[in-house]
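Below are the chains, spelled out letter by letter.
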Amino acid sequence: MWKKVIVGIVILIVVGIVAGIYLYQKPPKDYTKEKAVFFLNAESLVTSFNNNEIAANEKYLGEMIEVRGSVVNIKMETDNSVFMTLHDPFDGITCTYEKKEQLPEWITSQKVRPGDMVTIKGRCDGKLDDVRLTHCALVSVE
């Protein structure tokens, strides 16, 4: 009887270790390959959040959104996060990259500059000072 209990415990431990190793080594989700659910210009998205933040959160929060707007600035922080602001520096949309390794070539090569009209796809994380998009990808530059 005790042998069956010990074998069962050992099997559970082995399964737990294998599952842990699998989850630890699993690559992060590639959000850039997800299809956008909403397509709008930067001003419309900002206006939606300014007019009714609760309704905008219900509609856009966690969704992949494609946004077209003019680049106001691109700023790299000391912690390697990058902020690209569209529409307005005080009330716009910020697209954030968490790690320098995630930065696409279009930012590191400075192909996109302030004043450029771009379409960005990213996951909406709601509004703090501005509307936040994470896991961004450049769709087009005009």
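Rules of the game
Residues numbered from 1 in each chain as written. Predicted model: local features only at pLDDT ≥ 70, side-chain atom pairs only at ≥ 80, totals over all residues. Heavy atoms only, no water. Buried < 20%, exposed > 50% of the residue type's maximum accessible area, 1.4 Å probe, protein only. Helix = DSSP H or I, 4+ residues; strand = E, 2+ residues; numbered from the N terminus. Pairing = 2+ DSSP bridges. Polar contact = N/O pair within 3.5 Å; in protein donor to acceptor, adjacent residues only side chain to side chain. pLDDT = per-residue confidence, 0-100. Core = buried A, V, L, I, M, F, W, Y, C linked by side-chain atoms within 4.5 Å. Contact = heavy atoms within 4.5 Å. Phe/Tyr/Trp six-rings, centres within 6.5 Å; stacked < 30°, edge-to-face > 60°. Arc of directions from axis to C-beta. Axes fitted to C-alpha atoms, helices over the stretch in contact; angles between N-to-C directions. Parallel < 35°, antiparallel > 145°, perpendicular 65-115°, else oblique. Nonpolar A, V, L, I, M, F, W, Y, C, P; charged D, E, K, R; others polar.

So, on to the pairing of strand β5 (residues 117-127). Buried residues dominate β5, accounting for eight of its eleven residues. Summarising the sheet, β5 and strand β6 (residues 131-141) pair through seven bridges and their orientation is antiparallel. Within β6, the residue paired with Thr119 across the bridge is Ser140. In this antiparallel pair of consecutive strands, β5 and β6, the connection spans three residues.

Take Lys121: it is sitting in strand β5. Within the structure, the side chain of Lys121 is placed 2.7 Å from the backbone oxygen of Glu34, a separation counted as a polar contact.

This paragraph deals with the confidence of the model for the protein. Mean pLDDT over the protein works out to 81, with 82% of the residues at or above the 70 mark. Within the protein, helix α3 (residues 53-60) carries the highest mean pLDDT (94), whereas helix α4 (residues 105-108) carries the lowest (58).

On to the nonpolar core, then. Leu45, Tyr60, Val67, Met84, Leu86 and Ile93 are the most contacted members of the largest nonpolar core, which totals 22 residues. When contributions to this core are tallied by element, the ones reaching two or more residues are β1 (38-41), α2 (42-51), α3, β2 (64-76), β3 (82-86), β4 (93-97), β5 and β6. Per-element tally for this core: the top contributor is α2, with four residues. Beyond its immediate stretch of four places on either side in the chain, Val67 contacts Leu40, Asn41, Ala42, Leu45, Leu86, Ile93, Val118, Thr119, Ile120 and Leu133.

What follows deals with the packing of aromatic side chains. In total, this model carries two aromatic pairs according to the counting rule given. Three or more aromatic residues joined by ring pairs make a cluster, and in this case those are Phe38, Phe49 and Tyr60.

Of the residues making up α2, those classed as buried are Ala42, Leu45, Val46 and Phe49. For α2, the angular spread of buried residues about the axis comes to 95°, placing them on one side. For α2, the side-chain oxygen to backbone nitrogen distance between the N-cap and Glu43 is 3.2 Å, and the N-cap itself is Asn41.

So, on to the packing of α2 against α3. In the contact formed by α2 and α3, the axes pass within 5 Å of each other and the chain directions differ by 130°. With respect to α3, the element α2 is oriented oblique. Two secondary-structure elements touch here, α2 through Leu45, Ser48, Phe49 and Asn51 and α3 through Glu53, Ala56, Asn57 and Tyr60. Among the residues forming the contact of α2 with α3, the class breakdown is four nonpolar, three polar and one charged.

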